[in-house]
Amino acid sequence: MRSLRHLVFATALALPLAASAQPAAPDDAEARQQAERLLNALDMDTQFTAMLAMTLDMQLEQKPELNKYRHVMEAFFAKHMSYAALKESLVAIYAEEFTVAELRKASEFYETEEGRNILAKMPRLMQLGGELGQRRVEENLDELVAAMQAEDARLEAEAAATQGPAAGE
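The structure displayed is predicted, hence computed values, not measured ones.

Draft legend 1. Representation of the overall build of the protein. Within the protein one finds 8 helices and 0 strands. Sequence-ordered secondary structure for the protein, helices as α and strands as β, is α-α-α-α-α-α-α-α. Looking at the protein as a whole, 24% of its 169 residues are labelled buried. For the protein, contacts bridging at least 24 residues in sequence account for 81% of all contacts bridging at least 6. Here the protein displays about 11800 Å² of accessible surface, and carbon together with sulfur accounts for 57% of that area.

So this is what it looks like as structure tokens:
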């Protein structure tokens, strides 16, 4: 179960979401309309589906013992983490973070052939970037371990220095 909680937490962190976002003010209908236009231009439904599948695949590869729960996790993510489940909150986030002009310009770009081409390649680029980061950490893991050990030694020495000599000495 602990591994399952880690998977859910890791998946939530992998997605650029703020589930607690408040909807945009009702009088900002144009911002909401342009935000929804941009999300449509970004093909967010497809992007979310690909990101969730990729994240789940990576997590299950790292923790094969969770494979028996795959269909349960897919159903859970479809219910709570899909674009359909998060659309209104995402519209609010985009409407709040960008001006109407920025949303309009971004939509215009992503509606072009070049913009659609970038979007089509984005899942693969994200996968390659993630693999690159993972490889880089693995290649340099000894350095991280050594730095953590040095920090442990420093903290222990600091704690010993502040405690002073033991009572009765």
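Next, the rest of the story.
Draft legend 2. Structural detail: unusual backbone geometry. Non-glycine residue D43 carries a positive phi angle of around 55°. Note that D43 resides in the loop between helix 2 (29–41) and helix 3 (44–62). By relative accessible area, which is 35% here, D43 ends up partly exposed.

Draft legend 3. Just the packing of aromatic side chains, in detail. Counted under the stated rule, the structure contains 4 aromatic pairs. When the centroid spacing of 5.7 Å and the interplanar angle of 70° are considered together, the rings of F76 and F77 count as edge-to-face. A relative accessible area of 38% places F76 in the partly exposed class. Look at F109 and Y110: their rings are 5.0 Å apart centre to centre, the planes differ by 70°, and that puts the pair in the edge-to-face class. On the basis of relative accessibility, which here comes to 22%, the residue Y110 falls in the partly exposed class.

Draft legend 4. Spotlight on the confidence of the model for the protein. On average, the protein scores 84 in pLDDT, and the residues at 70 or more come to 81%. Mean pLDDT across the elements of the protein ranges from a minimum in helix 1 (residues 2–14), with 49, to a maximum in helix 6 (residues 100–110), with 97. Segment residues 6–10 is flagged for pLDDT under 50; beyond a separation of four residues in sequence, or across chains, it makes 5 contacts in the model.

Draft legend 5. The arrangement of the nonpolar core in detail. Membership of the largest hydrophobic core comes to 17 residues, with the highest contact counts inside it found for L39, M44, L90 and Y94. For this core, the secondary-structure elements that each account for two or more residues are helix 2, helix 3, helix 5 (83–97) and helix 6. For this core, the leading source of residues is helix 5, giving 7 residues. Ranked by size, the runner-up nonpolar core spans 7 residues in total, among them L60, L66, M73 and F77.

The rules we used
- Residues numbered from 1 in each chain as written.
- Predicted model: local features only at pLDDT ≥ 70, side-chain atom pairs only at ≥ 80, totals over all residues.
- Heavy atoms only, no water.
- Helix = DSSP H or I, 4+ residues; strand = E, 2+ residues; numbered from the N terminus.
- Buried < 20%, exposed > 50% of the residue type's maximum accessible area, 1.4 Å probe, protein only.
- Contact = heavy atoms within 4.5 Å.
- Areas by Shrake-Rupley, 256 points an atom, 1.4 Å probe, with all protein chains shown as cover.
- Phe/Tyr/Trp six-rings, centres within 6.5 Å; stacked < 30°, edge-to-face > 60°.
- pLDDT = per-residue confidence, 0-100.
- Core = buried A, V, L, I, M, F, W, Y, C linked by side-chain atoms within 4.5 Å.

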